Structure formats: C-alpha cells, structure tokens
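What follows is the residue order along each chain.
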Amino acid sequence: MTDPHDAQRKPHRPPNAQGLGLLRRLLALLVACTAAAPAAAQDAVEALLFGPTLEPVPIVLIAIDSETGRVEYLDAEGERHTAGFDQVVRLSFPVDASAEESPGPRLATIDGQVIVGRAGQGLVGVAGSSDVLRWRDADGMRAVEVSLDDLAWVTLLPGMEAPAVQPADDVLLLPTGERLVGFVDAVEVGGVAFVIGETDTALTIEPTRVAGLWIANPMRAAPEPAVVMTTRSGSRWRGALGRSGGAAAFSTPMTQPVSGAEGLPVWQPVRLGEADHAGEDWPVVTRLDLPWAGRRLVPMVDLPMEVVDGGAFFGVPAPPERRASGAIALHAPIMAAFDLPAAARRVVMTLELDRGDDLPEERYAWAGCVAVVRLGATELARVTIDVEQDTHRLNLALPLAPGDRALTLAIEEGVNGPVLDRVLLRDAEVLVLPE
C-alpha cells in the first residue's frame, strides 16, 4: 500500500468545489453500479482520509472493516485503493455546520470518552446500586451505565468547565458555584451521599442540587486500542465498528445489552455524515479515529500545561482559559509549555484570533500578535495573527532528536501592544507513533 499523499505536500485546506464535484460524480456512478449488489459492504459516502501526515485527502469511502483493519476507497481520479489501518489515522465525514452552542451536560470516563447528554439532563443513579450512573446521550445512542470507578467527571449545566487535571479529592459542584471537597460515598436514585472533608457522616445531596462531579480517579494513560467515534453533538465514544443491514454500526462496552442477551455486544446503526442513510434517525458520525498498536492522537488540552512566562497584561492576570468547546484561550504576552509524550511525532493545531461577540468591528484593527511554536530550543513555526489573516492551521513534524520534549507556544504582543491580542488554540492534537 502506498501512502495516499503526494511527496509534495499541499497546504491544509478543505477540498475545493471542483474536487468535491468530481467526488460526487464518482459517488453517483458507484452507487448506480452497485445498487443491485446483494451484499454491498455499505453505502458509499464522501469522506476525508487522514494518513500519518495528518493531511486531508478527499475520497469516496466504499468499505471499512474493523476485523481485518482495512479501508477501501476511490481517490479523486476514480482509482480504487485498499489501505490498512496503519496508513489511515482518521476518516471525517461531511456534516452541515451549525451555530456553535455551549455544550450541555457532559460525562467523561477515565479512558478518554466524553458523552454529551441531553439538554436539562440531571444526575440519575441506578435503582439497587450505590455506585453506577445511568446516562443518555444527545445523539440517540442507547443508554449507558458508568460505574464510579470508571468516571472522570460530570458537568450538568451549559458551559460548565471540566477539571483541567483530575482532582486529588472528589469535588461536588453546586448550582450556586460552591464546591464541596471530600468523597462520593454513593450515587443512588435519591441523590449523592457525599462525605465532606474529614467528617465521618455522609450528607445526601438531592439530584437537583448537583451541578457536577469531579472524581479523583486517575486517567487511564494507555487504554486498549479501539475505534474512537465522534458524533455530531461532540460525543467521543470508544468501541468497535461493524455492519448492520448495509449500514455502519457501532458497539461500545458501556451500552447495556438487551434483556436475555447478556455478554453480547449491542450494535447501533450510525450515519457516516449527514448524506449517509439520510432517511434514518440514527446518530450522525463526524469522525472515526482508527486504531493501530502504539499509535494515538492526544488532544493538547489533555496534556500537562504550564505557564513559563507572561500570563498578565497591564498588571491584569490573564492565565490560559480552557473553554467548554475544548479550545484554550491565550492572551499575549504569554508562553505556555506542554509536556509531550516521548514518542510524539507530529502536532497539528489551529490558531485563531479571538475577537469575541462583544468586540465592535471598528476595533478589529487593534488586534494583532505573533505566535511562535518551539520544541525545546528549536523553532518550528512563527505566524502573524491579525485581522488580515485571523486563522492559521499548522501541521508540524516533531524532531526525533533526544533532549527537551516540552512544546512551547508563545503569543507575543503586536505593534499595538497587548490590546485585544487574544488567541484561541483549537483542534490541537499530537500524533504519537510506535517507537
């Protein structure tokens, strides 16, 4: 299998209209030719394929097989390819853009899954159990049950922040903003039994008074390889990909089996993008991260981060701010250091001027700064972010030489000083490959 990317890399950008038009014609031809086939692997769909360079390649996906770890697709010229999961890091699927909203209730597990709940959803214990939460997601997946041993955190109010690092003690958040520090003794239908501080008696907090829980469970550093499925709501699931009646289907161990089928996986049909099986009310998948031994994509927001310089302007503290969307907001002048995994080989990120809804258009010209990315003493990239070019997408290979593995991102003030020099770091990930 040859790498689907050319030797000469092109800038990261969405496929142009001509490329998409060609893919749509290929897709229509493929569907017409295979409509009568009795055992098509699945309906063909448009997708972007990301190989080890993390550059997007427009394709028409024909089939994906988790058991053999292979993907079949047509390229933009109509040529058919078969690629192993070792050469396909990610597949993303077209979904209509919608207005960005503050995430609603969210639940996270210690292996990195984040499940967005339904608006207004509260904490629900399981009858007859003292340490299990029942959770329904916003996309229509089957309800799941999560034990306290596997729980990282739950936030129940719109826009609530997740913990930057797992706490040393359990934390219960109240709607008033107050925090109780101690130990979750039980989660039941009637509420949360919480031991505050060093006391011996558990206080029962009614479900309506619980705005969130942070559990002092360490994150699992290297979970078992699995397909990671991201849905339209932003949920991130770990599991297996299969097929059901010609459609893609997903199974996760957290899904409760149907009665009498204990021990058997429960398969949920899913749509690979909005165009796939458009008439079905199934969860819509925006992205599939495919497993390969020793390879993983780590969100930079999950890495240990430290401010090594700056973090204030005009005497006003301005530490990094982790947004509910997963972005990190930075205000110049500041230098933040991220502790990279030892086998990190590539980093991708989007740097965007954070204008904010409260900024009048006539003041846009005041904003402008310089972003510098370094690995140790080696400068990897330097870009100017201003009203003329307010967004930069960086895709940077990381040197393999031994030494300092701290990745630093410096936001330096522009010619107008630090006024409005606000930057969002989003869609930032580090590719870790087998050593």
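Right above here is the structure, for reference.
What counts as what
- Position numbers for residues start from 1 in each chain and track the written sequence from start to end.
- Thresholds applied to this predicted model are a pLDDT of at least 70 for local features of residues and 80 or more for the giving and counting of side-chain atom pairs; totals over whole chains, interfaces and linings are not thresholded and use all residues.
- Where side-chain values are given, they derive from all heavy atoms of the structure, hydrogens and water being excluded.
- Helix and strand labels come from DSSP, where a helix needs a run of H or I of at least four residues and a strand needs a run of E of at least two; each type is numbered from the N terminus.
- Accessibility here uses a 1.4 Å probe with only protein chains present; expressed as a share of the type maximum, an area under 20% marks a residue as buried, one over 50% as exposed, and anything in between as partly exposed.
- A pair of strands is labelled paired if DSSP reports no fewer than 2 bridges between them.
- Simply put, an axis is a line fit to the C-alpha atoms, just over the touching stretch for a helix, and the angle between two N-to-C directions goes from 0 to 180 degrees.
- Note on charges: Lys and Arg go in the positive column, Asp and Glu in the negative column, and His and the chain ends are not counted at all.
- Should a side-chain nitrogen of Lys or Arg be within 4 Å of a carboxyl oxygen of Asp or Glu, the pair is scored as a salt bridge.
- Only heavy atoms matter for contacts: two residues are in contact if any of them lie within 4.5 Å across the pair.
- Here the nonpolar core consists of buried residues drawn from Ala, Val, Leu, Ile, Met, Phe, Trp, Tyr and Cys, with membership extended through side-chain atoms lying within 4.5 Å.

K.L.:
How would you sum up the overall build of the protein? Please name residues and give values.
P.N.:
Summing up its helical and strand segments, the protein has 1 helix and 34 strands in all. Within the span of the protein, comprising 435 residues, buried residues form 49% of the whole.

K.L.:
With reference to specific residues and values, describe the sheet that holds strand β31 (residues 378-386).
P.N.:
Strand order in the open sheet made by the 5 strands is β23-β28-β33-β30-β31, with antiparallel pairing throughout. Each having just a single partner strand, β23 (305-310) and β31 make up the two edges of the open sheet. Adjacent strand axes in the sheet meet at a mean angle of 20° when their direction is disregarded. Inspection of the sheet shows strand β30 (residues 368-375) paired to β31 by 8 bridges, in the antiparallel sense. For Val370, the partnering residue across the bridge sits in β31 and is Thr384.

K.L.:
Give me the environment of Leu330: which residues, what numbers.
P.N.:
With respect to the helices, strands and loops of the structure, Leu330 is situated in strand β27 (residues 328-331). Taking relative accessible area as the criterion, Leu330 reaches 3% and is therefore assigned buried. Separated by 95 residues in sequence, Leu330 and Leu425 place their C-alpha atoms 7.6 Å apart.

K.L.:
I'd love a proper account of the side chain of Arg238, names of residues and values included.
P.N.:
Note that Arg238 resides in strand β17 (residues 236-244). We note that Arg238 is buried and unpaired, the nearest opposite charge coming from Asp111 at a distance of 4.1 Å.

K.L.:
So what's going on with the pattern of salt bridges? Residues and values would help.
P.N.:
Throughout the structure, instances matching the rule amount to 13 salt bridges. With a shortest N-O distance of 3.0 Å, Arg323 and Asp354 are connected by a salt bridge. Pair noted here: Arg323 is in the loop between β26 (321-322) and β27 and Asp354 is in the loop between β29 (344-353) and β30, with a separation of 31 residues, a long-range link. Residue Arg323 is classed as partly exposed on the basis of its relative accessible area, which comes to 28%. Residue Asp354 is classed as buried on the basis of its relative accessible area of 12%. Linked through salt bridges whose partners overlap, the residues forming this network are Arg90, Arg287, Asp289 and Glu429.

K.L.:
Summarise the pairing of β17; cite the residues concerned and give the values.
P.N.:
Strand direction decides the pairing type here: strand β16 (residues 227-231) and β17, joined by 4 bridges, are antiparallel. Within β17, the position partnered with Val227 by the bridge is Gly239. Relative to strand β18 (residues 247-251), β17 runs antiparallel, the two being bridged by 5 bridges. Bridge pairing links Leu241 to Phe250 in β18. Taking the residues between adjacent antiparallel strands as the criterion, β17 and β18 are bridged by 2 residues, where Gly245 takes a positive phi near 60°.

K.L.:
Before we move on, could you go through unusual backbone geometry and cite the residues and values that matter?
P.N.:
Put simply, Ala332 and Pro333 share a cis peptide bond, and its omega is -5°. With respect to the secondary-structure elements, Pro333 resides in the loop between β27 and β28 (334-339). Although it is not a glycine, Leu54 sits at a positive phi angle of roughly 60°. Of note, Leu54 is situated in the loop between β1 (45-50) and β2 (56-65). Residue class for Leu54 comes out buried when judged on its relative accessible area of 7%. For His277, which is not glycine, the phi torsion reads 50° and is therefore positive. Tracing the backbone shows His277 in the loop between β20 (271-272) and β21 (284-289).

K.L.:
An account of the environment of Arg271 is needed here, citing residue identities and associated values.
P.N.:
For Arg271, the position within the fold is in strand β20. C-alpha separation for the pair Arg271 and Ala249, spaced 22 residues apart in sequence, amounts to 8.4 Å. When neighbours within four sequence positions are excluded, Arg271 is seen to be in contact with Asp276, His277, Ala278, Glu280, Trp282, Pro283, Val284 and Val285.

K.L.:
Which residues make up the nonpolar core, and what values go with them?
P.N.:
In this structure, Val71, Leu91, Phe93, Leu172, Leu272 and Leu288 are the most contacted members of the largest nonpolar core, which totals 49 residues. With 4 residues, the single largest contributor to this core is β2. Residue contacts for Phe93: discarding those within four places in its chain leaves Val45, Glu46, Ala47, Leu61, Leu272, Gly273, Val285, Thr286, Arg287 and Leu288. The next biggest cluster of nonpolar side chains, apart from the first, holds 36 residues, and it includes Ile328, Ala344, Leu398 and Val423.

It is worth stressing that arrangement in space is one thing and function is another; only the former is reported here.
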